[in-house]
Amino acid sequence: MSENTFQVEAPRDQALQRSLKELADIKFALDEAAIVAITDQRGIINYVNDKFCEISKYSREELLGQDHRIINSGYHSKEFIRQLWTTIASGRVWHGELKNRAKDGSYYWVDTTIVPFLNAEGKPYQYVAIRNDITERKLGEERIRQQAALLDQAQDAIMVLDLQQNILFWSKGAERIYGWSVEDASGRNIAQFLIKERSTQFEAAKKTIIDEGEWSGEIHQVRKNGADIIVESRWTLVRDETGKPTSILVINTDITAKKRMEAQFLRAQRMESIGTLAGGIAHDLNNALSPILMAIDMLQLKITDEASRKWLEVLRTNAERGGNMVHQVLSFARGIEGERMALQPKHLIKEIVKILKETLPKSIQISFQITGDLWLISADATQMHQVLMNLCVNARDAMPEGGLISIKAENMIVDENYARMHIEAKPGRFVVITVSDTGPGMSPEVQSRIFEPFFTTKEMSKGTGLGLSTALTMVKSHGGFINVYSELHRGSQFSLYLPALTSRESLAADALQTDLPLGHGELVLVVDDEESIREITRGTLETFNYQVLTAMDGTEALAVYADRKHDIAVVLTDMVMPFMDGPATIRALKKMNPNVKIIAASGLTAGNRPGEGALEGVETFLIKPYTAEKLLTALAQALKRR
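Below, the structure is looked at part by part. Counting of residues starts from 1 at the beginning of each chain's written sequence and follows it residue by residue. The predicted nature of this model means local features are confined to residues of pLDDT at least 70 and side-chain atom pairs, given and counted, to a pLDDT of 80 or more, with totals for whole chains, interfaces and linings taken over all residues. Excluding hydrogens and water, the side-chain figures rest on all heavy atoms present in the structure.

Focus: the side chain of Asp-40
Turning to its location among the elements, Asp-40 is positioned in strand S2 (residues 35-40). Residues adjacent in sequence count toward polar contacts only when both atoms are side-chain atoms; beyond that, a polar contact is any pair of N or O atoms within 3.5 Å, and within protein one must be able to donate a hydrogen and the other to accept it. Engagement of the side chain of Asp-40 in a polar contact is seen with the backbone nitrogen of Ile-44, the distance being 2.9 Å. Those residues in contact with Asp-40 that sit more than four places away from it in its chain are Asn-46, Tyr-125, Gln-126 and Tyr-127. Here a helix means four or more residues in a row that DSSP labels H or I, a strand means two or more in a row labelled E, and each is numbered from the N terminus. Between two residues, a contact is recorded if the distance between any of their heavy atoms is within 4.5 Å.

Some thoughts on the pattern of salt bridges
Here, a salt bridge means any side-chain nitrogen of Lys or Arg that lies within 4 Å of a carboxyl oxygen of Asp or Glu. Within the structure shown, the criterion is met by 22 salt bridges. Note that Glu-97 is salt-bridged to Lys-138, the shortest N-O span being 3.0 Å. Remark: Lys-138 occurs in helix H5 (residues 135-153) and Glu-97 occurs in strand S4 (residues 94-101); sequence separation between them is 41 residues. Among the ionic pairs, Glu-619 bridges to Lys-597, the shortest N-O distance being 3.6 Å. You can see Glu-619 sitting in the loop between strand S22 (598-602) and strand S23 (620-623) and its partner Lys-597 sitting in the loop between helix H20 (582-592) and S22, a full 22 residues away along the chain. Look at Glu-619 and you get partly exposed, because its relative accessible area is 22%. Burial classes follow relative accessibility: with a 1.4 Å probe on protein chains only, a residue under 20% of its type's maximum area counts as buried, one over 50% as exposed, and anything between as partly exposed. Residue Lys-597 is classed as buried on the basis of its relative accessible area of 15%.

A few points about helix H4 (residues 78-89)
Multiplying one less than the number of residues by 1.5 Å gives the expected span of a helix. The terminal C-alpha atoms of H4 lie 16 Å apart, and with 12 residues this matches the ideal 16 Å at 1.5 Å per residue to within 8%. Residues of H4 that are buried: Leu-84, Thr-87 and Ile-88. Within H4, the buried residues cover an arc of 90° as seen down the axis, which keeps them to one side. The inward-facing, buried residues of H4 abut S4, strand S5 (107-118) and strand S6 (124-133). Of the residues one or two after H4, Gly-91 is the one with positive phi, at around 90°. Working note: the arc is built from the helix axis to C-beta atom directions.

Some points on the environment of Ala-204
Structurally, Ala-204 can be placed in helix H9 (residues 200-212). Considering only alpha carbons, one finds Ala-204 and Trp-215, 11 residues apart in sequence, at a separation of 8.5 Å.

Quick look at the sheet that holds strand S8 (residues 167-170)
We treat two strands as partners when DSSP finds at least two bridges between them. The antiparallel open sheet is built from 5 strands, whose spatial order is S8-S7-S11-S10-S9. Each end of this open sheet is capped by a strand with a single partner; those strands are S8 and strand S9 (214-222). The sheet shows a mean angle of 25° between the axes of neighbouring strands, direction not considered. Note: strand S7 (residues 157-161) against strand S11 (residues 245-254), 5 bridges, orientation antiparallel. Bridged to Ala-157 within S11 is Asn-252. Helix axes are fitted only over the stretch in contact, all axes being lines through C-alpha atoms; the angle between N-to-C directions runs from 0 to 180 degrees.

Some remarks on empty space enclosed by the protein
Definitions used for this entry: grid spacing 1 Å over protein atoms alone; cavity, a set of points where a 1.4 Å probe fits but cannot get out; pocket, an open set with protein on both sides within 12 Å along at least 5 of 7 lines; lining residue, one with an atom within 4 Å of a point. Grid points are joined across faces, edges and corners, and a volume is the space filled by probe spheres set on the points. Using the criterion set out here, one finds 4 cavities of 30 Å³ or more in the structure. Approximately 50 Å³ is the volume found for the second largest cavity. What lines the second largest cavity is Met-159, Leu-161, Tyr-178, Ile-190, Leu-194, Ile-195, Ile-219, Gln-221, Ser-233, Trp-235, Val-250 and Asn-252. For the lining of the second largest cavity, the elements supplying multiple residues, two or more each, are S7, S9, strand S10 (228-239) and S11. The nonpolar class holds Ala, Val, Leu, Ile, Met, Phe, Trp, Tyr, Cys and Pro. Asp, Glu, Lys and Arg form the charged class, and all remaining residues, Gly among them, are polar. Split into classes, the residues belonging to the lining of the second largest cavity amount to 9 nonpolar, 3 polar and no charged.

Let's talk about the sheet that holds S23
Within a beta sheet, neighbouring strands are joined by backbone hydrogen bonds and run either parallel or antiparallel to one another. If you walk across this open sheet you meet the 5 strands as S20-S19-S21-S22-S23, and the pairing is parallel. One side of each edge strand has no neighbouring strand; the edge strands of this open sheet are strand S20 (547-551) and S23. Across the sheet, the mean angle separating the axes of adjacent strands is 20° when strand polarity is ignored. Against the sheet, H20 contacts strand S21 (568-574) and S22, and its axis sits at roughly 160° relative to S21.

A closer look at the packing of aromatic side chains
Pairing of aromatic side chains here covers Phe, Tyr and the six-membered ring of Trp, requires ring centres within 6.5 Å, and sorts the geometry by plane angle: under 30 degrees stacked, over 60 edge-to-face, intermediate tilted. Per the stated rule, a full pass over the model turns up 11 aromatic pairs. Ring plane angle 40° and centroid distance 5.7 Å describe the contact between Trp-170 and Tyr-178, whose orientation is recorded as tilted. The burial state of Trp-170 is the same as that of Tyr-178; both residues are buried. An aromatic cluster of three or more residues is present, and its members are Trp-170, Tyr-178, Trp-180 and Phe-193. Either the NZ atom of lysine or the CZ atom of arginine qualifies as a charge over a ring when it sits within 6 Å of the ring centre and within 35 degrees of the ring normal. When the ring centre of Tyr-107 is taken as origin, the NZ or CZ atom of Lys-99, which lies over that ring, is 4.9 Å away. Taking NZ or CZ as reference, Arg-188 lies 5.0 Å from the ring centre of Trp-180, over its face.

Quick look at the structure:
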C-alpha cells in the first residue's frame, strides 16, 4: 500500500469503519492547526472546519453540499486544474499552492495537500484537502516582484553584492550597460569580469565601504564586448536588525559619453588658453624679428665682400622663416579675417587637384568627387587654399610608400541628430569638403592632440606642428568646424564643414528637406559599440515610424537576428567594433540569410582602406557621423530594393 493513499480492505464494512475512524482522527488532529475540507469523488463538499469558514467567509451551512468550485478564483489555467484532478483521481497525493476567492470577492492563497481515500476497488471515494494560509507570504513575494520590476526600469546598473563582492542581484539596467545577462553575472565576483586590473578606485571602494559604510566615485570598468566604460558608482553597506553588515548595494551610472564630451570641452579650453599664450609670444617675437630684418638690409648696403653677403643671406632666410612661423602662430591665436567673398568651392578643389597631380610623386594617386549643384560659401580663397593644401600635404607625408588621396565635396544639412554627435556642430546648411588618405592612420592619443600648436609626429626638420592648428582656426573663423576620423592601419579622414550662403532658393531647398521619408513600422536592427550612437539612431528611427532593436557588437547582433530574423527588415551595422567587426558580422548574417538587407556605417568611406573595394552584400554605405536625412534616405532605398 502506498504511503500516500489509504486502502479500504475486505470485508468492506470493516474497511469503511476504519476509513471513517481515520478521517475522524485526521479531522480532530488538524481542526485546530489547519484549514480542512472533505469532498466526495465528484468534488461535493461534505465537511469543513471552522478555519475553512473563517478564511472563505462562508458559513458551514453555505458550504456543505456545494461544489468545490464555489471558492474557485479563476486564476489557475485549465491545464493546471486538469493535472490536479488527474493526480488525485489516480489515487496519488497532490501538493501545491492555490489561489481561492472568498465570499466577499477577496482572494487568498493556501498551501494545499489533497489526500485521496480509496475503496476496495482502489478508486477514490473521498478527498481530504489540508490547507495552510500563505496569503501574507504571497503578497510579500508580489511586492518584491513589483519592486524588482521597478528596479529593472531604471537606466542605472543596480546590483547587490555579498561582503566578498560576489553578485547576489543584477538588474536589467546592469544587463543593458554591461551586456552580461542575469544568468552570466549571478554568483560571480565583480573583480573577475567588470574591474580593470589594478583599479585603485575599486580597491578604495572595498576598503572605505567596510570602514565608513558608504563610498562614491568614478570607476573604469569593461563591458562584455571588451569596450572600456566609465561609471559613477555609489556603494552603500546594508545591515541587518542587529547592525551586522550583510550585503552591499551598488548603483552605477554610465558616464562614458559625458566624460568624452567633457574631454572635448577641456581640449577646446586648453586650445583657447594655448592660443592666448601663443599670441602674446608671437607678438613679442615679431617685435624682435623686425629690427633684425631691417638691420640685415642696412648691412647688405654696406658690406660688399661675397662671403659676408652669403652669411647675411643665411640670416635673412632664417629670420624670414621665423617671421612666417610667427604669422602662423598669430593666425592660430587670433584668426585672420581675410577678404571674404562668395566662393564656389569646386573651382578651388579643381585647382588644388591640378597642383597635386603636377607635384606629388607618381606613387600617390589623386581622386576627387564633387556634387554638381554644390552650394556657395562665404570664404577667403587664400585661406581655404592654405587649409586644403595643408591637409593634402599631411596625407602625402603619411604615405611615403604611396597610396590614394581622395577629395570629396558635397552639400549637407546638419540636423539636431548630427549636432548631438559633434560638440562643435550647429544645425544648418554646410558644404562638406573631405580629404582622406590610405595611410597608417592615427591612434586615439594622437587624434586627441593633432590640433594643438607645435604638436607633430614628423621629424623636427619636416614640420612645425602649426599646420593643423592654423587650419582649425581658419575654419572656425569662417563659422565652420572640422571632423576627424581615423583608425590605425586604415587611413585618416578630415572633413571641413563650411557654412553655405543663404538665399531665397536655398531657403526653399531647406523647406523641401523637412519632407523626409517615413517608415511603415519596419523593424531595424542597429549594431554599434557606441551607446550614444545607438540611442540617437534609435530615437531618430522611432520618430520616423520605424521599430528598432539594438546590439552592442557583432556577436550580440547575431543572437538578436537569429531570434527575430523573420521580422527584421534591415540591419544597420558599424564596421569597426571589438571582437566581431562589421565585415565579419555581415558575412555571418549573409550565411544565416543570404537575402538580408544591410546598411554599413563607418567614419571612413567605402573602398578607402588599402586593398578594400566595394563591400559585398551591403545595400548602402553611410559615412559617420550621418544626418537623419542620410540615414532615412538610405533606409528607404534599401527597403525599396527589398
